[in-house]
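Residues per chain are reported as follows:
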Amino acid sequence: MTVQILGAYGLIGSAMLKKLPWATCPTRADLDLNDAASIASADLTGDILVHAAGVTDEEFATDPAAAWLRATRLTQALLEAAAKAGIKRLIYVSTAHVYGPLEGDITEARPVNPLGDYALAHFASEQLCRRAALQRGLDVLILRPCAVYGPLPDLTRFKRWSLIPFSFPRELLHTGKIVLKSDGEQRRNFVSADAIAAEAAAFLASPPEPGRCRVQNAIGPDDMTVFAFAERCIALLRPGQGRVERPSPTKGPKPAPLAYRSRYTSAEPHSTLDATIRALAAQIQ
């Protein structure tokens with residue numbers, strides 16, 4: 001089988017590249033997902049396409065029109081090119097934010113409620129993948145992780161420093177403190193990139209089912225509040241020296257704590273959250 005990986009230089013795509021040794025995995029550095037002509041001319045011949053290069057918050061901050069275009073019309077163009085090239089199975093890495101506010105008990109049975117542009121865009125891409133399964137017979141897996149961590153393969157290419165697993169260690173090392181924008185009581189489920197890749201590998205090892213669209217929450221073993229994660233970073237990197245600054249807790253009813261779960265068995269991570277925090281600190285110091 002041949003696997004083509006979009007986003008192979010990123011956090012999740014690079015983990016996919018390492019986790020699928022049983023297949024040839026060309027990385028599509030030549031494919032510009034923001035350009036219709038590049039998509040139309042790309043040679044996607046193969047069996048499996050892994051799309052780990054969905055739109056990001058940073059893209060919406062810099063050029064929202066281009067981000068919307070890539071998530072919708074250009075994603076549809078990519079799916080059409082993949083089907084024309086003979087791709088039979090597709091894995092799309094989405095986000096937990098399609099569920100809306102990350103609070104309460106969330107499994108795959110929770111109705112989606114995307115609110116922000118980033119969440120809406122990923123849900124639009126999900127729906128296009130679902131339609132490709134129904135109309136073109138693709139076997140589709142949609143993965144929805146919450147907060148992803150893992151080793152960064154190339155700091156010069158990494159642009160998502162606003163993400164909590166990465167912003168806190170860097171801020172702490174540079175300033176000696178972590179400043180929260182909220183009271184930090186919102187919970188997050190932290191999942192390693194290699195566990196997400198393991199979920200993809202398990203899906204591909206199962207018999208294909210043309211026309212299937214399986215949605216799966218990618219779950220990790222670490223579940224904590226943002227404030228607790230900030231304290232964890234300090235305990236690992238600046239014990240007794242760093243500090244967390246946060247606004248006073250808001251008054252009124254508190255949202256139900258997040259319990260992010262899945263109906264499917266979760267893969268065990270190879271890299272731990274603590275090891276990733278320490279490794280990141282070593283990279284950026």
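See the structure printed just above.
Here we summarise the structure given alongside this text. The model shown is predicted, which means the values in this text are computed figures rather than measured ones.

Quick look at the pattern of salt bridges
For step 1, the next point in the chain: Counted by the stated rule, this structure contains 17 salt bridges.
For step 2, the next point in the chain: One salt bridge connects R243 with E245, and the closest N-O pair in it is separated by 2.9 Å.
For step 3, the next point in the chain: On the basis of relative accessible area, R243 is assigned to the partly exposed category, the value being 44%.
For step 4, the next point in the chain: The exposure class assigned to E245 is partly exposed, which follows from its relative accessible area of 29%.
For step 5, the next point in the chain: Among the charged side chains, a salt-bridge network with shared partners connects R89, D139, E209 and R212.

Digging into the pairing of strand β1 (residues 3–6)
Consecutive residues of a regular strand have side chains that alternate between opposite faces of the sheet.
For step 1, the next point in the chain: The side-chain alternation of β1 yields two buried faces, one formed by V3 and I5 and the other by Q4 and L6.
For step 2, the next point in the chain: Bridging between β1 and strand β2 (residues 48–51) involves four bridges; their strand directions are parallel. Within β2, the residue paired with L6 across the bridge is H51.

Some points on the packing of helix α7 (residues 164–175) against helix α10 (residues 273–284)
For step 1, the next point in the chain: For the pair α7 and α10, the least separation of the axes is 10 Å and the interaxial angle reads 50°. On the basis of the axis angle, α7 is oblique to α10. Seen along the crossing, α7 lies across α10 with a hand that is right-handed. On the side of α7, the interface is formed by P165, F166, P169, R170 and L173, while α10 contributes I277, L280, A281 and I284.
For step 2, the next point in the chain: Counted by class, the contact of α7 with α10 contains eight nonpolar, no polar and one charged residues.

Some thoughts on the packing of aromatic side chains
Aromatic ring pairs: the centre-centre distance and the angle between the two ring planes describe each pair.
For step 1, the next point in the chain: Enumeration over the complete set of coordinates arrives at six aromatic pairs.
For step 2, the next point in the chain: Between the aromatic rings of Y99 and Y260, the centroid separation amounts to 6.2 Å while the plane-to-plane angle is 75°, which identifies the pairing as edge-to-face. Residue Y99 is found in the loop between β3 (89–93) and β4 (105–106), and its partner Y260 is found in strand β12 (residues 259–260); the two are separated by 161 residues along the sequence. Accessibility assignment for this pair places Y99 and Y260 in one class, buried.
For step 3, the next point in the chain: Here the aromatic residues F158, W161 and F166 are joined through ring pairs into a cluster of three or more.
For step 4, the next point in the chain: Above the ring of F203, the side-chain terminus of R89 is found at 4.8 Å from the ring centroid.
For step 5, the next point in the chain: Over the face of the ring belonging to Y99 we find R144, whose NZ or CZ atom lies 4.9 Å from the ring centre.

Calculation rules
Position labels on residues start from 1 in each chain and follow its written sequence. Only residues with pLDDT of at least 70 get local features here, since the model is predicted, and only at 80 or more are side-chain atom pairs given and counted; chain-wide, interface and lining totals rely on the full set of residues. To get the side-chain values, take all heavy atoms of the structure and skip hydrogens and water. Note on definitions: salt bridges are taken to be side-chain nitrogens of Lys or Arg within 4 Å of carboxyl oxygens of Asp or Glu. Note on classification: 1.4 Å probe, protein chains only; a residue is buried when its accessible area is under 20% of the maximum for its type, exposed when over 50%, partly exposed between these limits. Starting at the N terminus, helices and strands are each numbered in turn, a helix being any DSSP run of H or I of at least four residues and a strand any DSSP run of E of at least two. A pair of strands is labelled paired if DSSP reports no fewer than 2 bridges between them. Axis angles are defined between N-to-C directions and span 0 to 180 degrees, where every axis is a line fitted to C-alpha atoms and, for a helix, only to the segment in contact. Here the word oblique covers every angle except those under 35 degrees (roughly parallel), over 145 (roughly antiparallel) and from 65 to 115 (roughly perpendicular). Each helix crossing is assigned a hand: it is left-handed if the near helix lies turned anticlockwise from the far helix by less than a right angle, otherwise right-handed if that turn is clockwise. Contacts were defined at the residue level, with two residues in contact if any of their heavy atoms lie within 4.5 Å. For this classification, the nonpolar set comprises Ala, Val, Leu, Ile, Met, Phe, Trp, Tyr, Cys and Pro, the charged set comprises Asp, Glu, Lys and Arg, and every other residue, Gly included, is treated as polar. Aromatic rings from Phe, Tyr and Trp, with only the six-membered ring used for Trp, were paired whenever their centres fell within 6.5 Å, and each pair was classed as stacked if the ring planes differed by under 30 degrees, edge-to-face if by over 60, and tilted otherwise. Put simply, a charge is over a ring when the Lys NZ or the Arg CZ is close to the ring centre, within 6 Å, and near the line of the ring normal, within 35 degrees.

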